[in-house]
Amino acid sequence: MINIEHLIRDLNLIRKQSPLIHNITNYVVMNNTANALLAIGASPVMAHSVDEVEEMAVIASSLVINIGTLEAAWVEAMLIAGKTALTKSTPIVFDPVGAGATTYRSKVCKQLIEECKPSIIRGNASEIIALLDTQAQTKGVDSTNTSDSALNSAKALALQTNAVVVISGETDYITNGATVETVKNGNPMMAKVTGMGCTATAIVGAFSAVNKNLLEAAAHGMAVMGITGEIAASISKGNGSLQINFLDTLFNLDEEAIRKNIKP
Ligand SMILES: Nc1ncnc2c1ncn2[C@@H]1O[C@H](COP(=O)(O)OP(=O)(O)OP(=O)(O)O)[C@@H](O)[C@H]1O
Ligand SMILES: Cc1ncsc1CCO
Ligand SMILES: [Mg+2]
């Protein structure tokens, strides 16, 4: 069960410390996730050149690796940044976008998990299932499975990789293989804004920068996503205004809104 006092403490820590979050992410969502990190009070940097990722990973408080629009040079940069973060015990949050859709994505996911040992893996249900079952075929970047149906895969993946695994969806599940936290906030319209999942991964990255308990950090990130998305959707007419209202809501999110809206 999410500890609301700890969640509020961590949100205040992000706003006070403004941790540097190093993102190697995809072209589609770079602007969205940078703005979401600013809205929550963190300090984002997008850097993917092999010539600088090592230095950036050294100074960052957490590293977010997202394979959304991967290509060879980026993968090389992800491996350098990931290994640097691993050496420094800096939390790595991994988003396996489209895992299972192509052989290349699945292969790169396997390599990144083995060599960088991400601390947290956040994906939608189809991606989490595909990381465990190499035969599972997914359809692009959107899930065709419910988050409930991926829970057993998430638990097994957590035990196999020693990472906290997060499945996003109608109910979000956060597990280390033994304990399972849930977040029931959110709104189906969120899945119609591209990169809401990538944003969830980035926000989890911000929480992992201020809380060494990564099960808590991941759960806090997903709770803030769900609460924010739910409030923003209630004042939005479609995915266009939701994208903007999400940022404004996150920027203004306070203790009262969290206490009133949280659905663990
Ligand atoms: N049906 C739903 N009801 C409530 N919340 C939802 C629903 N679907 C998604 N969400 C929320 O939307 C956010 C994004 O989750 P989603 O599973 O859509 O990610 P994703 O498929 O990886 O997205 P993307 O690849 O576009 O970044 C999460 O915070 C999740 O809780
Ligand atoms: C649509 C899309 N394609 C590659 S990455 C991305 C953003 C959502 O994952
Ligand atoms: Mg995704």
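Since we're looking at a predicted model, the values are computed, not measured.

Caption draft 1: A look at the UniProt feature "binding site: substrate" (unreviewed entry) in the protein. In the numbering used here, UniProt assigns the "binding site: substrate" (unreviewed entry) feature to Met46 and Gly195. For Met46, the position within the fold is in strand 2 (residues 43-46). With respect to the helices and strands, the residue Gly195 is situated in the loop between strand 8 (180-183) and helix 8 (196-208). Discounting chain neighbours no more than four positions away, the residues touching Gly195 are Val28, Val29, Asn32 and Thr33.

Caption draft 2: Molecular detail of the site of ligand 1. In the region of ligand 1, 23 residues are neighbours, and Asn124, Ser168, Gly186, Met190 and Gly197 sit closest. Looking at the shell around ligand 1, the elements with two or more residues in it are helix 8 and helix 9 (214-234). Of all the elements, helix 8 adds the most residues to the shell around ligand 1, at 4 residues. Class assignment for the residues of the shell around ligand 1 results in 9 nonpolar, 11 polar and 3 charged.

Caption draft 3: Structural context of the site of ligand 2. As a structural note, the neighbourhood of ligand 2 is formed by Asn26, Val28, Val29, Gly68, Thr69, Val97, Val141, Thr194, Gly195, Gly197 and Cys198. In the shell around ligand 2, the residues fall into 5 nonpolar, 6 polar and no charged.

Caption draft 4: Focus on the UniProt feature "binding site: ATP" (unreviewed entry) in the protein. Residues annotated in UniProt with the feature "binding site: ATP" (unreviewed entry) correspond here to Arg122 and Ser168. Spanning 47 residues, the named residues form one tight spatial group whose C-alpha atoms are at most 7.4 Å apart. By the element assignment, Arg122 lies in strand 5 (residues 120-124). Arg122 sits in the buried class, given 32 other C-beta atoms within 10 Å. Excluding residues within four positions of it along the chain, Arg122 makes contact with Val93, Asp95, Val166, Ser168, Ala200, Thr201 and Val204. Mapped onto the fold, Ser168 is located in strand 6 (residues 164-168). A residue is classified by how many C-beta atoms lie within 10 Å of it, and Ser168, with 29 of them, is buried. Leave out the neighbours within four places in its chain, and Ser168 touches Arg122, Asn124, Ser147, Gly197 and Ala200.

Caption draft 5: Highlighting the environment of Ala150. Take Ala150: it is sitting in the loop between helix 6 (125-132) and helix 7 (151-161). Residues Ala150 and Asn124, spaced 26 residues apart in sequence, show a C-alpha to C-alpha distance of 8.7 Å. Ignoring anything within four residues of it in the chain, the contact list for Ala150 reads Ala125, Ile128, Ile129, Asn145 and Ile167.

Caption draft 6: Representation of the packing of helix 1 (residues 4-17) against helix 9 in the model. Running from N to C, helix 1 and helix 9 cross one another at 85°; their axes reach a closest spacing of 10 Å. As far as their axial angle goes, helix 9 and helix 1 are roughly perpendicular. Counting all contacts with helix 1, which are made through His6, Leu7, Asp10 and Leu11, the residues of helix 9 involved are Glu216, His220, Ala223 and Val224.

Caption draft 7: Just the nonpolar core, in detail. In terms of nonpolar packing, the biggest core is built from 80 residues, with Ile203, Val204, Ala206 and Met222 touching the most fellow members. Ranked by residue count, the leading element in this core is helix 9, at 11 residues.

Caption draft 8: Looking closely at the pairing of strand 6. Of all 5 residues in strand 6, 5 are buried, a share of seventy percent or more. Here 5 bridges tie strand 5 to strand 6, and the two strands are oriented parallel to one another. Bridge assignment links Asn124 to a residue of strand 6, and that residue is Ser168. Bridge count between strand 6 and strand 7 (residues 172-175): 3 bridges; the pairing is antiparallel. Bridge pairing links Val166 to Ile174 in strand 7.

Caption draft 9: The pairing of strand 3 (residues 62-66), seen in detail. Counting buried residues in strand 3 gives 5 out of 5 residues, a clear majority hidden from the surface. Residues Ser62, Val64 and Asn66 point to one face of strand 3 and Leu63 and Ile65 to the other, with burial holding for every one of them. For strand 1 (residues 20-24) and strand 3, the ladder comprises 4 bridges, and the chain directions are parallel. Bridge pairing in strand 3 links Ile24 to Ile65. The sheet contact formed by strand 3 and strand 4 (residues 92-95) spans 4 bridges and is parallel. Looking at the pairing, Val64 lines up with Val93 of strand 4. Note on the crossover from strand 3 through helix 4 (residues 72-87) to strand 4: the handedness is right-handed.

Basis of the calculations
Residues numbered from 1 in each chain as written. Chains lettered and ligands numbered in written order. Predicted model: local features only at pLDDT ≥ 70, side-chain atom pairs only at ≥ 80, totals over all residues. UniProt positions renumbered as here; feature names shortened; annotations may be inferred. Helix = DSSP H or I, 4+ residues; strand = E, 2+ residues; numbered from the N terminus. Contact = placed C-beta atoms within 7 Å. Near = placed C-beta within 6 Å. Nonpolar A, V, L, I, M, F, W, Y, C, P; charged D, E, K, R; others polar. Buried ≥ 20, exposed ≤ 12 C-beta atoms within 10 Å, placed from the backbone. Axes fitted to C-alpha atoms, helices over the stretch in contact; angles between N-to-C directions. Parallel < 35°, antiparallel > 145°, perpendicular 65-115°, else oblique. Core = buried A, V, L, I, M, F, W, Y, C linked by C-beta atoms within 7 Å. Pairing = 2+ DSSP bridges. Right-handed = clockwise from strand over helix to strand, strands pointing away.

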